[in-house]
Amino acid sequence: MHRRTALLALAATAGGAALAATALAAPGDVDPSFGDRGVSTASFPPSNQANVSSMVERGDGTVVAAGSSGRSNARGSGFSFAQFTPSGALDPRFGGDGRVVVEVGGSTSTQVGTAVALQNDGRLVAAGTVLNSGPTGALLRLNVNGSIDGGFSGGVRRFNDAAVDVEILPNGKILVLGETQLRRFSSRGALDKSFGKNGIVNLRTAGAVSMAVQSNGRILVSGVTASDGTAGTGGEETEASIERLNANGSRDRSFNSGNLRHVPFGCSALRGPEVTLDARGRAVLAGGGIIGSAEFAAVARLTTAGRLDGSFGNGGTTMLALPVPGQKHRSADLQGAIVQDDGRIVGFGTHLLRLNVNGTLDPTFGNRGSTPNPLPRTTAAPNDAVAALIQPSGRLVIAGSNGGTNAGSTSAFSVAGVSLIGQASGNVQPVNSTRPSAPRGLEVTARNRTLQLSWLGPSRSGASSVRGFVVQYRQVGDSRFSAACSTSGFLTIPNLVNGADYQVRVAAGNNVGLGPFTSTITARIRG
């Protein structure tokens, strides 16, 4: 699932009816002035399945949620859109009743809308994938009233790749991100052959998921990459990754010395992180990672040169364990993030959280920095917020998909309004952000193609008990570490090279992230 986020200015003063109503709620609380007690929904009958993937705001507070709808257990679906007024009502100016479905692949195909972007003239450009024998990318444009723009490549532009994200450039050209390639089209849907090689760039990120364009035209692409360089799907030995291209599609060698930047989210990334930008053009990545066997929400911030920003979190990353309502043993990760103009970061998923500029939880938001999102659900599973934006009034709007997993049930797009700028309720207490100290007594024994490690827990566990350990190791001479998880004080690292020297270190993690690593130990593998 992919989502689009929009960075818009927060209102500076409490003027106007919309801002006054929003300010009645504390930051993180549902805004009752939006929709029906804070929530609005849009279903697409006769479809009983509807899944939001992205969302844009038109500049006046009007919101368009985009995704897919169709029948469960059967092919036949369409790219789907719902437009809501600034107050959360379905907008009849769009499609006659606020809803539009466009069939782009025929009645026997599965059609998955993944991203939407807004042109300066108010028209919408949407991208997605049609699944038949293999994935085919599809790109289309809707007029302001929701009708399809037949002047755009004859209605639908198709190409041989899945489509996961879309961006409109200031000159009207269109960037479409696939899992392994980036394409640029003209404003009329023709492939722009001045970009990359005949309009296409092959990415180094093996499993791309999102992109962001800086003010100088440079393009950031985020994803997840396995240790063997292939597209990662989450699990052991997968890392969040990001690369930057120049405006013409060439590799930007000023970003991390022209290399793919790997971002450590514990011992493994759960999925490719979403990338967005702050007001200074710095990349912010939001997703999930693993420490021990526990899932964590994870956020990283990079400098404009592509290095981890040491002024943010723990060496550039923040990882937090957030319990999922109704699921005792599961923690929540993030589907994405949006950055306020003051630099604070709002992450969204099963939970909403807000981080200060330095990466610590903002205790004025929700319950000491986080809160379960208010989207409705009709099943036991939480309804993840998969898209977010900030309206001009300062209201946060999130979108997700509720219901539809049980036989005969119907799912719908759901959007909710959340206050960002009200007065925090009660006596705000600081959040304990103390991470554990480094583990003690690391010992490394070299054997045939393996290293056997043992260690003791940290002398100080910090804000909570220790949730697990991250072991990093690399062959001497390699530029970066590989990682593995452990829930105890023991680990065997297999498949190493006999006769080679390896460096090893260990860190412990608690509910507020990973602590410092031990000193590095070097050992030679003996065959």
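Below is a summary of the structure that appears in this document. Position numbers for residues count from 1 along each chain, tracking the sequence in the order it is written. Restriction of local features to residues with pLDDT of at least 70 applies here, the model being predicted, together with a cutoff of 80 or more for giving and counting side-chain atom pairs; totals for whole chains, interfaces and linings are based on all residues. To obtain the side-chain values, all non-hydrogen atoms of the structure were used and water was disregarded.

As a further point, take the state of the cysteines. In this description, a disulfide is simply a cysteine sulfur pair whose atoms lie within 2.5 Å. One pass over the full model with this rule turns up one disulfide. The disulfide partner of C267 is C485, and the S-S distance across this bridge is 1.5 Å. Remark: C485 occurs in strand β36 (residues 482–486) and C267 occurs in the loop between β18 (261–263) and β19 (268–269); sequence separation between them is 218 residues. A single burial state applies to C267 and to C485, both of which are buried. The way it works is that DSSP assigns letters per residue, a run of H or I at least four long becomes a helix, a run of E at least two long becomes a strand, and they are numbered from the N terminus. The cut-offs for exposure are 20% and 50% of the maximum accessible area for each residue type, with area from a 1.4 Å probe on protein chains only; residues under the lower value are buried, those over the upper are exposed, and the others partly exposed.

Two strands form a pair only when DSSP identifies at least two bridges running between them. Strand order in the open sheet formed by four strands is β7-β8-β9-β10, with antiparallel pairing between adjacent strands. Looking along the sheet, the strands with just one partner apiece sit at the ends: β7 (110–118) and β10 (156–159). When strand polarity is set aside, the average angle formed by the axes of neighbouring strands in this sheet is 20 degrees. Where strand β9 (residues 135–142) meets β10, four bridges bridge the pair, whose relative direction is antiparallel. Its bridge partner being in β10, L139 is matched across the sheet by R157. Fitted lines through C-alpha atoms give the axes, limited to the stretch in contact for helices. The angle between two N-to-C directions lies from 0 to 180 degrees.

Quick look at the packing of aromatic side chains now. Remark: the centre distance and the inter-plane angle together describe each pair of aromatic rings, the angle taken between the planes. Each Phe, Tyr or Trp ring (for Trp, its six-membered ring) is paired with any other whose centre lies within 6.5 Å, and the angle between the two planes then decides the class: stacked below 30 degrees, edge-to-face above 60, tilted in between. If you walk through the whole model with that rule in mind, you get three aromatic pairs. Considering the side-chain rings of F159 and F185, the 5.7 Å spacing of their centres and the 40 degrees angle between planes classify their relative orientation as tilted. Of the two residues, F159 is situated in strand β10 and F185 in strand β13 (residues 181–185); the sequence distance between them amounts to 26 residues. Exposure remark for F159: the relative accessible area of 7% places this residue in the buried category. For the ring pair W455 and F469, a centre distance of 5.5 Å and an interplane angle of 70 degrees mean the geometry is edge-to-face. In this pair, W455 is assigned in strand β34 (residues 450–456) and F469 in strand β35 (residues 468–475), connecting sequence segments 14 residues apart. Each member of the pair, W455 as well as F469, is classed as buried. The cationic tip of R505 hangs over the ring face of F517; the distance from NZ or CZ to the ring centre is 4.6 Å. Our definition puts a charge over a ring when NZ of Lys or CZ of Arg is within 6 Å of the ring centre and also within 35 degrees of the ring normal.

We count a salt bridge whenever a side-chain nitrogen from Lys or Arg sits within 4 Å of a carboxyl oxygen from Asp or Glu. Summed over all chains, the structure comprises 22 salt bridges. Residue D97 is joined to R99 by a salt bridge in which the shortest nitrogen-to-oxygen separation is 2.9 Å. A relative accessible area of 35% places D97 in the partly exposed class. A residue is classified by how much of its surface remains accessible, and R99, at 25% relative accessible area, is partly exposed. Several salt bridges converge on common partners, so that one network encompasses D121, R123, R141 and D149.

Taken in spatial order, the four strands line up as β26-β27-β28-β29 in an open sheet, and their pairing is antiparallel. The outermost strands of the open sheet, each flanked by one partner alone, are β26 (334–339) and β29 (370–372). Along the sheet, successive strands turn relative to each other by an average axial angle of 15 degrees, direction set aside. The sheet contact formed by β26 and strand β27 (residues 345–349) spans five bridges and is antiparallel. Its bridge partner being in β27, I338 is matched across the sheet by V346.

On to the side chain of T318, then. Secondary-structure assignment places T318 in strand β23 (residues 317–320). With a relative accessible area of 3%, T318 lands in the buried category. For the purposes of these results, a polar contact is taken to be a pair of N or O atoms within 3.5 Å, where, inside protein, one atom must be able to donate a hydrogen and its partner to accept one; residues adjacent in sequence count only when each atom of the pair is a side-chain atom. Polar side-chain contacts of T318 include one of 2.9 Å to the backbone oxygen of G359. When checking whether two residues touch, look at their non-hydrogen atoms; a contact exists if any pair is within 4.5 Å. If we ignore the near neighbours within four places in the chain, the residues touching T318 are A297, A298, V299, F312, G313, L355 and G359.

A few words now on the side chain of T518. Mapped onto the secondary structure, T518 falls in the loop between β39 (513–514) and β40 (521–524). Using a relative accessible area of 12% as the deciding quantity, one classes T518 as buried. If we ignore the near neighbours within four places in the chain, the residues touching T518 are A438, P439, L442, R505 and V506.

Moving on, we get to the environment of V428. Positionally, V428 belongs in the loop between β32 (412–419) and β33 (440–447). Residues V428 and N367, spaced 61 residues apart in sequence, show a C-alpha to C-alpha distance of 9.4 Å.

A few words on the nonpolar core. The biggest cluster of nonpolar side chains holds 29 residues, and the ones touching the most others in it are I242, V263, F265 and L285. Put simply, the parts of the chain that give this core at least two residues each are β16 (219–226), β17 (238–245), β20 (274–277), β21 (283–291), β22 (294–301) and β36. Look past the residues within four positions of V263 in its chain and what remains in contact with it is A240, L285, A300, L302, L308 and T317. By nonpolar core we mean a set of buried residues, namely Ala, Val, Leu, Ile, Met, Phe, Trp, Tyr and Cys, connected to one another through side-chain atoms within 4.5 Å. With 18 residues, the next largest nonpolar core counts L442, V471, I493 and L496 among its residues.

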